[in-house]
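What follows is each chain in one-letter form.
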Amino acid sequence: MHRESIEMTLVYAEPIGRERGKMGQEKIQIGNRFVGEGEPTYIVAEMSANHLQDYDRAEAIIRAAKEAGADAVKLQTYTADTITLDCDNEYFQIRQGTIWDGMTCFELFQEAYTPWEWQPKLMKLANDLGMDCFSSPFDFTAVDFMEEIKMPAYKIASPEIWDIPLLRKVARQGKPVIIATGLAHMGDIERAVRTCREEGNEQIILLKCTATYPTPYEDMNIKLIPHMAGTFDCLTGLSDHSMGSAVAVASVALGACMVEKHFTLSRADGGPDGAFSMEPAEFKKMVDEIRIVEKALGKVTYRLTEKQERSREEGRSLFVTQDMKAGEIFTPENLRSIRPAFGMAPVYYEEVLGKKARCDISRGTPMDWKYIE
């Protein structure tokens, strides 16, 4: 069946598949951490193929990610044979205008996969360092393997969002399901969310994603992050393939509870994903900026801080600006709104004008009702 024949173009005014007024989970637990409302942004370092088939380098990436402030490391669980066919006909040639054009699917995945025998050891290293480690499965055997080694969450990659049998099997495990939307129409997202909920799994995080590598900034459209949260009643985040940290930091201000970036020791080392991956110093800068934004976001309140309350003394108020005798009339010449704020509020200015002074008043006296006859 052609994909076009199963696409849905849907517009929703209310959360999908839920009773009106009921909201989804505000927090989701991954490992020992909570993700969501009131929690620090969960920052994921995607290793992908940046290990370059070198186990020691894979370990070094995990250690560097920890130093850079990552909360989790993400792997990918597939082999070339489980994700595609060793075939070089026209259907398996990569020609979509990507950095991998000229390769076959099998060639790319043979170069990029992470050996499965590494993954339990890499997960243990991450855990020992205080980070979570989870992966993206690409077929049923990968899900079984991830369950066997007790990974705490599943990431559904953008091209797998419409693989409903895979998504259903993942949802049945009862663990958090993180879904990238980089190739999804709205109907694909709706179907994926509904599939998880049909399996009784409400632990869903949708990641705004643009599946071009690297992504031009004008194609990021991160305003979709809060819209997805309201439309699908899910926690939302960002899987970011743009260069630098600006987009990731901005996404946090828009409500992203999770940020994922590809991570490498050095872009100069190459590899299938190296060109759009972050180096450790860049990743650390991004983490530091995200933590600053979290502090700055604060909460919805009109209450001033103690320092702000004290600073109100620097504002404007009514002062007597000329020496006055008892019975003299208050005029714009002898009564002005000036700094500081020890006199009557300027809102009373017009009410005071034209009234008489009850007593002699010295220039520089803060205006008060007691001086009015």
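Residues numbered from 1 in each chain as written. Predicted model: local features only at pLDDT ≥ 70, side-chain atom pairs only at ≥ 80, totals over all residues. Heavy atoms only, no water.

## Overview of the overall build of the chain
Inference 1: Broken down by element type, the chain carries 12 helices and 12 strands.
Inference 2: Compactness check: the chain gives a C-alpha radius of gyration of 30 Å against a globular reference of 21 Å for 373 residues, more than 25% above the reference.
Inference 3: Within the chain, the fraction of its 373 residues that count as buried is 46%.
Inference 4: Contacts in the chain between residues at least 24 apart in sequence constitute 67% of all its contacts with a sequence separation of at least 6.
Inference 5: Of the accessible surface of the chain, which amounts to about 18,900 Å², a share of 51% is contributed by carbon and sulfur atoms.
Inference 6: Computing the positive centroid from 44 side-chain charges and the negative centroid from 58, the chain places the two 9 Å apart. (Helix = DSSP H or I, 4+ residues; strand = E, 2+ residues; numbered from the N terminus. Rg over C-alpha atoms; globule rule 2.2 N^0.38 Å. Buried < 20%, exposed > 50% of the residue type's maximum accessible area, 1.4 Å probe, protein only. Contact = heavy atoms within 4.5 Å. Areas by Shrake-Rupley, 256 points an atom, 1.4 Å probe, with all protein chains shown as cover. Lys, Arg positive; Asp, Glu negative; His and termini not counted. Charge placed at Lys NZ, Arg CZ, Asp CG, Glu CD.)

## Thoughts on the confidence of the model for the chain
In low-pLDDT regions, the fine details of the predicted coordinates are not to be read closely.
Inference 1: Residue-level pLDDT values for the chain average 92, and 94% of them are 70 or greater.
Inference 2: Across residues 1–23, where pLDDT falls below 50, the model places 38 contacts with residues more than four positions away in sequence or in other chains. (pLDDT = per-residue confidence, 0-100.)

## Here we look at the pairing of strand E8 (residues 204–209)
Consecutive residues of a regular strand have side chains that alternate between opposite faces of the sheet.
Inference 1: Burial analysis of E8 places 6 of its 6 residues in the buried class, which makes it a mostly covered element.
Inference 2: Here E8 shows no split at all, with Ile204, Leu206 and Lys208 on one side and Ile205, Leu207 and Cys209 on the other all buried.
Inference 3: With 4 bridges connecting them, strand E7 (residues 177–180) and E8 associate as parallel partners. Of the residues in E8, the one forming a bridge with Ala180 is Leu207.
Inference 4: With helix H7 (residues 186–198) bridging E7 and its parallel neighbour E8, the resulting β-α-β unit is right-handed.
Inference 5: Pairing of E8 with strand E9 (residues 235–240), which is carried by 5 bridges, proceeds in the parallel orientation. Its bridge partner being in E9, Leu206 is matched across the sheet by Thr236.
Inference 6: Between the parallel pair E8 and E9, the chain is carried across by helix H8 (residues 224–232), and the sense of this crossover is right-handed. (Pairing = 2+ DSSP bridges. Right-handed = clockwise from strand over helix to strand, strands pointing away.)

## Topic: the environment of Glu289
Inference 1: For Glu289, the location among the structural elements is in helix H10 (residues 280–297).
Inference 2: For the pair Glu289 and Ala250, spaced 39 residues apart in the sequence, the C-alpha separation amounts to 9.7 Å.
Inference 3: Non-local contacts of Glu289, meaning those with residues more than four positions away in its chain, are made with Ser245 and Val249.
Inference 4: Of the polar contacts made by the side chain of Glu289, one reaches the side chain of Ser245; its length is 3.1 Å. (Polar contact = N/O pair within 3.5 Å; in protein donor to acceptor, adjacent residues only side chain to side chain.)

## A closer look at a negative patch on the surface
Inference 1: Among the surface-exposed residues, Asp81, Asp86, Asp88 and Glu107 lie close enough to one another that they form a single negatively charged patch.
Inference 2: Residue placement: Glu107 occurs in helix H3 (residues 105–112). (Patch = residues over 30% accessible without salt bridge, like charges linked within 9 Å, V, L, I, M, F, W, Y side chains within 5 Å. Salt bridge = Lys/Arg side-chain N within 4 Å of Asp/Glu carboxyl O.)

## Some points on the state of the cysteines
Inference 1: Counted under the stated rule, the structure contains 0 disulfides.
Inference 2: Left without a disulfide partner, Cys105 is nearest to the cysteine sulfur of Cys87, which lies 9.6 Å away.
Inference 3: Cys257 supplies the cysteine sulfur nearest to Cys209, a cysteine that is in no disulfide, at a spacing of 15 Å.
Inference 4: On the accessibility criterion, Cys209 (3% relative accessible area) is buried. (Disulfide = S-S within 2.5 Å.)

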